2 protein chains.
Amino acid sequence: MTTNIDLAIIGAANATGEALLEILEQRDFPVGKLHLLDAGESVGARLPFRERRLAVKSVTEFDFSAIRLVLFAGEDDMLPFARQAATAGCFVVDAGGTLASEGGTPVVAEVNPEALAEAAGGGVVATPSASAVALAVVLKPLHDNAGLRQVDVVSLQAVSAFGKAGIEELASQTAKLLNALPVENKVFSRQIAFNILPRSGALEEEGHTGDEWRLVRELRQLLALPDLGVNPTVTVVPVFFGHCEAVHIETDGELAPEVARELLARVDGIELADDDGGEGMPTPVTDAANSDAIFVGRIRRDVGRANGLNLWLVADNVRRGAAGNCVRIAEILVRDYL
Amino acid sequence: MTTNIDLAIIGAANATGEALLEILEQRDFPVGKLHLLDAGESVGARLPFRERRLAVKSVTEFDFSAIRLVLFAGEDDMLPFARQAATAGCFVVDAGGTLASEGGTPVVAEVNPEALAEAAGGGVVATPSASAVALAVVLKPLHDNAGLRQVDVVSLQAVSAFGKAGIEELASQTAKLLNALPVENKVFSRQIAFNILPRSGALEEEGHTGDEWRLVRELRQLLALPDLGVNPTVTVVPVFFGHCEAVHIETDGELAPEVARELLARVDGIELADDDGGEGMPTPVTDAANSDAIFVGRIRRDVGRANGLNLWLVADNVRRGAAGNCVRIAEILVRDYL
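Residues numbered from 1 in each chain as written. Chains lettered and ligands numbered in written order. Predicted model: local features only at pLDDT ≥ 70, side-chain atom pairs only at ≥ 80, totals over all residues. Heavy atoms only, no water.

Undergrad: Report on the overall build of chain A, specifying residues and quantitative values.
TA: A count of helical and extended segments in chain A gives eight helices and 13 strands. Taken over the C-alpha trace, chain A has a radius of gyration of 20 Å; the compact-globule value for 338 residues is 20 Å, and the two agree within 12%. On the principal axes, the C-alpha backbone points of chain A span a range of 60 × 55 × 40 Å. Across chain A, every contact between residues at least 6 apart in sequence was considered, and the portion connecting residues at least 24 apart equals 68%. Carbon together with sulfur atoms contributes 47% to the accessible area of chain A, which is approximately 12800 Å² in total. The average position of the 29 basic charges and that of the 48 acidic charges among the side chains of chain A differ by 2 Å. (Helix = DSSP H or I, 4+ residues; strand = E, 2+ residues; numbered from the N terminus. Rg over C-alpha atoms; globule rule 2.2 N^0.38 Å. Contact = heavy atoms within 4.5 Å. Areas by Shrake-Rupley, 256 points an atom, 1.4 Å probe, with all protein chains shown as cover. Lys, Arg positive; Asp, Glu negative; His and termini not counted. Charge placed at Lys NZ, Arg CZ, Asp CG, Glu CD.)

Here it is as structure tokens:
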């Protein structure tokens, strides 16, 4: 019999917080007392959970010593409360990379759950960016079979990676343009509506952005391959929810498309939307948005290289990448560490 | 002194036809009599050219034996008239790949003008897809310097690649979604508004689409490298004008980012929107749309491979890729063959 666990969600009122509530409910997480914490205007709002409506409480007044588990959906302004919870002895599980610089090795539940041992006595459990979560889940079984040598990835990020402000900027710019009104750029440095941005954020070493270096670092850590060649281009596209990744890999051994298909079909949480003779064509809107699965399609041989393989993946960055990984990690903590 | 040349445009009233008129004017093409030809409702419309407004005439009644040069902006339904013009002894220059199956080697004015000799006595001059035009112009100087071995490209096609119907589908779906109305798919098999389609068209051999195999074939022909490794993913994105291409290349010799930058800076018609210490960030809306240039940025080393280089390019598929290449080819014909 599972004991119910008291837990808190920091940043409960934003998109990631709402996704956490839905996934806790869907996956039948053993929830005891649930504390929804946020700040500012959100305090006092009521959010649905299991046929009840729970009030959002002020994070500044919460006593973290009363609980052991915190899911963190906040943005940077909530970081002090994550630290406070960790100091009070809680496991603080990140829901989407905000705590990357606070914890140790980032964790993806299906890929490297053993890294949770580092946080065994409580503390921050770091998680990687949504792009890295989906990519690592898909690449793990392929690596185990054929040995990964190189990963090239063009990631097309949805605007929800930039929070509610990113979502609002795409919606409002689109409405204005359809009415022939001028648009303003706040979150993004260029118009995002009907446009593609070839990078997010400033350039760092060697012309790669922080998001790109982070993807390199996280993928190497998750797969425990410190020398893996990872060559990323991280862009932003006018899509609300669902990151797409056009992926090319090279393996040490042969890996035929049929074999890759079989390996991925066996993974719980991966949906093969494969093209082989079918109509499969996984897209953010028709497949990924609001889903807890990772959709993979377009598995095909590289034109030109032996042991090269292409594939396309799409996953809801908030529900699958951020919140989905957070709840799966919390399940392991409950089972093995709490 | 240049002699003015009488010419006709087939499909003058569509987006490519209108772009041809603008570019003929901008580049001060030596136009004699200009015949604007189209069919259906467009006949009788008047289009602006050099401070005049020229009437669109019916293509079915035109006598092609009166002229030597035809620019072809039509879609498939206009193919019989292209053939008729070629039989009458005209040079029929394609403006965007519709005639690919009718002519010989596709031509990009800056890359392989010598292939025009094949059509020396008149006939169809084939041109490649807009993605291949921009890519070939950018890769040529890099190949000449360091020897191309492999090209990986993720092409993000704007909806105007699918004609007026593609443009209308994106506009009308977007307007409906903002008003919470259901959308219909006609041109594209999935919703295109706020979405990314991982392929256009059906799958052919080995899981690649016709557009992808075409890019492989055309790039090899244009660069005269029949064994070049070309590994493409061709997608469709909710952008009106301007194809983006995330490009990765491997070269035989070393090719430092600084050297690539210098080589590209020297090419007429390429604009370096480069990131090196600057704000460069070439996008379809802010740079490519309505421009006759190819914008290149994000030139940086591959993370993982020696002699690997990444770059990002964006160009207006209609104005630069289709119409721009067509007019540049016509200029060479006037100079050397007419």
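Undergrad: Describe the packing of helix 1 (residues 15-26) of chain A against helix 8 (residues 317-336) of chain A, with residues and values.
TA: Residue and element names in this part refer to chain A. One way to put it is that helix 1 packs onto helix 8 with a least axis distance of 9 Å and a crossing angle of 60°. As judged from the angle between their axes, helix 1 and helix 8 are oblique. The handedness of the crossing between helix 1 and helix 8 is right-handed. Contacts between helix 1 and helix 8 involve Ala15, Thr16, Ala19, Leu20, Glu22, Ile23, Leu24 and Gln26 from the former and Val318, Arg319, Ala322, Ala323, Gly324, Cys326 and Val327 from the latter. (Axes fitted to C-alpha atoms, helices over the stretch in contact; angles between N-to-C directions. Parallel < 35°, antiparallel > 145°, perpendicular 65-115°, else oblique. Left-handed = near helix turned anticlockwise from the far one by under 90°.)

Undergrad: Outline the interface of chain A and chain B, supporting the account with residue identities and numerical values.
TA: If you look at the interface, chain A gives 61 residues, while chain B gives 61 residues. Carbon and sulfur atoms make up 60% of the surface buried where chain A meets chain B, a total of about 4900 Å² over both sides. Considering only the surface of chain A that becomes buried against chain B, A:Phe194, A:Met281 and A:Val303 emerge as the three largest contributors, covering 15% of it. Our count for the contact surface shared by chain A and chain B stands at eight salt bridges. A salt bridge links B:Arg305 to A:Glu250, with the shortest nitrogen-to-oxygen separation between them at 2.8 Å. One can count 26 residue pairs in polar contact (both at pLDDT 80 or more) joining chain A with chain B. Among the elements of the structure, strand 8 (148-157), helix 4 (163-178), helix 5 (210-222), strand 9 (229-236), strand 10 (243-251), helix 7 (284-288), strand 12 (294-301) and strand 13 (308-315) of chain A are those that each provide at least two residues to the side of chain A that touches chain B. It is strand 9 of chain A that provides the largest number of residues to the side of chain A that touches chain B, a total of seven residues. In terms of residue class, the side of chain A that touches chain B is built from 28 nonpolar, 19 polar and 14 charged. (Buried area = accessible area lost by both parts, 1.4 Å probe. Salt bridge = Lys/Arg side-chain N within 4 Å of Asp/Glu carboxyl O. Polar contact = N/O pair within 3.5 Å; in protein donor to acceptor, adjacent residues only side chain to side chain. Nonpolar A, V, L, I, M, F, W, Y, C, P; charged D, E, K, R; others polar.)

Undergrad: An account of the relation of the copies chain A and chain B is needed here, citing residue identities and associated values.
TA: In the superposition of chain A on chain B (RMSD 0.0 Å, axial shift 0.0 Å), the rotation amounts to 180°. The transformation just described matches what one would write down for a two-fold rotation axis. (Least-squares fit on C-alpha atoms with pLDDT ≥ 70 in both.)

Undergrad: Tell me what's going on with the sheet that holds strand 3 (residues 46-49) of chain A, and back it up with residues and numbers.
TA: All names here are of chain A. Strand order in the open sheet made by the seven strands is 3-4-2-1-5-6-7, with mixed pairing throughout. Looking at which strands have only one partner, the edges of the open sheet turn out to be strand 3 and strand 7 (123-125). Averaged over all pairs of adjacent strands, the angle between their axes in this sheet comes to 30°, without regard to strand direction. Of the strand pairs in this sheet, strand 6 (residues 91-94) and strand 7 are connected by three bridges, and their pairing is parallel. The partner of Val92 across the bridge, within strand 7, is Val124. Here helix 1 sits on the sheet in contact with strand 1 (5-10), strand 2 (31-38), strand 3 and strand 5 (69-72), set at roughly 25° to strand 3. (Pairing = 2+ DSSP bridges.)

Undergrad: Tell me about unusual backbone geometry, and please be specific about residues and values.
TA: What is expected of a backbone is that most residues other than glycine have negative phi and most peptide bonds are trans. With phi around 65°, A:Glu51 is a residue other than glycine that occupies positive phi space. Within the fold, A:Glu51 resides in the loop between strand 3 and strand 4 (52-58). Of note in this structure, B:Asp28 is not a glycine but carries a positive phi near 55°. Among the secondary structure elements, B:Asp28 is positioned in the loop between helix 1 (15-26) and strand 2 (31-38). Residue classification places B:Asp28 among the exposed residues on the basis of a relative accessible area of 59%. (Buried < 20%, exposed > 50% of the residue type's maximum accessible area, 1.4 Å probe, protein only.)

Undergrad: Before we move on, could you go through helix 3 (residues 130-146) of chain A and cite the residues and values that matter?
TA: Residues and elements named next belong to chain A. Compared with an ideal rise of 1.5 Å per residue, which puts 17 residues at 24 Å, helix 3 spans 25 Å between its outermost C-alpha atoms and is within 8% of the ideal. Along helix 3, the largest kink reaches about 35° and is centred on Leu139; proline Pro141 follows within four residues of it. Once helix 3 ends, the next one or two residues include Gly147, with phi positive near 75°. (Expected span 1.5 Å × (residues − 1). Bend = angle between axes of the 7 residues up to and from the residue.)

Undergrad: Before we move on, can you summarise the pattern of salt bridges with the specific residues and values?
TA: Taken as a whole and judged by the stated rule, the model has 36 salt bridges over all chains. Note that A:Glu331 is salt-bridged to A:Arg27, the shortest N-O span being 2.8 Å. Pair noted here: A:Glu331 is in helix 8 and A:Arg27 is in the loop between helix 1 and strand 2, with a separation of 304 residues, a long-range link. A single salt-bridge network, built from bridges that share partners, covers A:Arg149, A:Asp152, A:Glu250, A:Asp252, A:Asp302, A:Arg305, B:Arg149, B:Asp152, B:Glu250, B:Asp252, B:Asp302 and B:Arg305.

Taken by themselves, the reported measurements are silent on function.
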